[in-house]
Amino acid sequence: MSRTAAGVATAIVVAASMLALSASPVLADPGDLTFFVVPASDADGPREATDITLGPDGNVWFLATSETGAEDVLGTVTSQGAITTFPLEGSGDGHLVTGPDGRLWIASDALYKVRADGTVVAKGRPGSGQYDTIVAGPRGHLWLLIGAKVKELDRSGRVLRTFRLPHTADDLAMGPDGNLWATWTFGGVDRLTPSGVVTTFPSLGFGTAQPDDLQGIIAGPDGKLWAVAHFESPGPQNFARVCKISTSGRFRCYVGPNGVHAIAVGPDDALYVDRSTRFDLNPDRVDPPALERYEVNGDSSAFVDPGLHDIRAITSGADDDVWFTQDPGESGATLGRLEVAPPTG
């Protein structure tokens, strides 16, 4: 059954580098949302967090851009809310992943590897074009998506092989079957084996129980792939936007929130997706931004809050909570945390 968790407790926390937010931890209840401000640049103004992931050290890591991009940073936030930022010579508008080598990698304007002390080391620019995502994949290697190309990288960032997909892809994920899966707009999903064999599984498209504009994709907790889709449509919400896909390419879809594009598995083995106003063209719909939770059977609930804005990326933290980046509101908070597990301590 769908339900909305409204009126949850909110805290806006302005954090400085290496600044603990509280002398003693504050216990939160499941459903509580807490927001954080990334420290601004003295020379280049406020910063906005973009991508986010769980790092190899158990902390949550994020990328953030400054006003002109002159002082973008890599950052980390502990479960207690202490934020530390590290200089980033390149762009903070990119993608983060923990690689098979136990190091954090960045794909933005170039490829970067992050040392344990937070130092960011440039590893060149494999391929041309916009980096769509980077994932840890088969053979213990990194796999980089650039449009319709997928590049396999060794642990030094060197390109080993380049595979071509039949479609320009939006996102890429390592599937439970050991293959790579890519979503593509107005179509469906492509499955890429480590040897380069591609199989296409088309969606039936608009007006059916299957969407035709797939975006984010991940491996779910149930042995399936999960993908989300948004529609830039002024019509009523009457078609699916959250789908689970078997490794044989069969779709099972559920009606989802408007504007969804980000998806992650939570610490409770549920799927967390965004509800965005960015892509909703229907002026009669006034649903606010939300973080929505889907169980594997399709049951859903929504978390809303005045401090919550359109979400950019979602990840699960080692603290058994869900973390996300979002558009800044009046407070400037672009990092957020949803309390999932019962409080301890």
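Shown above is the structure to which this text applies.
Quick look at the structure, then. Model, not experiment: these values are computed from the prediction.

## Some words on the environment of F186
With respect to the helices and strands, F186 occurs in the loop between β17 (180-184) and β18 (188-192). F186 sits in the exposed class, given a relative accessible area of 62%. Between the C-alpha atom of F186 and that of A229, which follows or precedes it by 43 residues, the distance is 9.9 Å.

## With respect to the sheet that holds strand β13 (residues 142-146)
Pairing between the strands of a sheet is mediated by backbone hydrogen bonds and can be parallel or antiparallel. The 4 strands are arranged β12-β13-β14-β15 in an open sheet whose pairing can be described as antiparallel. One side of each edge strand has no neighbouring strand; the edge strands of this open sheet are β12 (133-136) and β15 (159-164). Strand-to-strand twist of the sheet, defined as the mean angle between neighbouring strand axes without regard to direction, takes the value 20°.

## Details of the nonpolar core
Core analysis: the largest hydrophobic core is formed by 17 residues, its most contacted members being Y272, L291, I314, V322, F324 and L338. When contributions to this core are tallied by element, the ones reaching two or more residues are β3 (33-37), β28 (311-316) and β29 (322-326). When near neighbours in sequence (up to four residues on either side) are disregarded, V322 contacts G266, P267, Y272, L291, I314, T315, G336, R337, L338 and V340.

## Side note on the sheet that holds strand β11 (residues 120-122)
Pairing within the open sheet is antiparallel, and its 4 strands lie in the order β8-β9-β10-β11. The sheet terminates laterally at β8 (95-98) and β11, the two strands that pair on one side only. When the angles between neighbouring strand axes are averaged without regard to direction, this sheet yields 25°. Both strand β9 (residues 104-107) and strand β10 (residues 111-114) contribute to a ladder of 4 bridges, which runs antiparallel. Pairing of I106 across the sheet is with Y112, part of β10.

Cut-off values and rules
- Residues numbered from 1 in each chain as written.
- Predicted model: local features only at pLDDT ≥ 70, side-chain atom pairs only at ≥ 80, totals over all residues.
- Heavy atoms only, no water.
- Helix = DSSP H or I, 4+ residues; strand = E, 2+ residues; numbered from the N terminus.
- Buried < 20%, exposed > 50% of the residue type's maximum accessible area, 1.4 Å probe, protein only.
- Pairing = 2+ DSSP bridges.
- Axes fitted to C-alpha atoms, helices over the stretch in contact; angles between N-to-C directions.
- Core = buried A, V, L, I, M, F, W, Y, C linked by side-chain atoms within 4.5 Å.
- Contact = heavy atoms within 4.5 Å.

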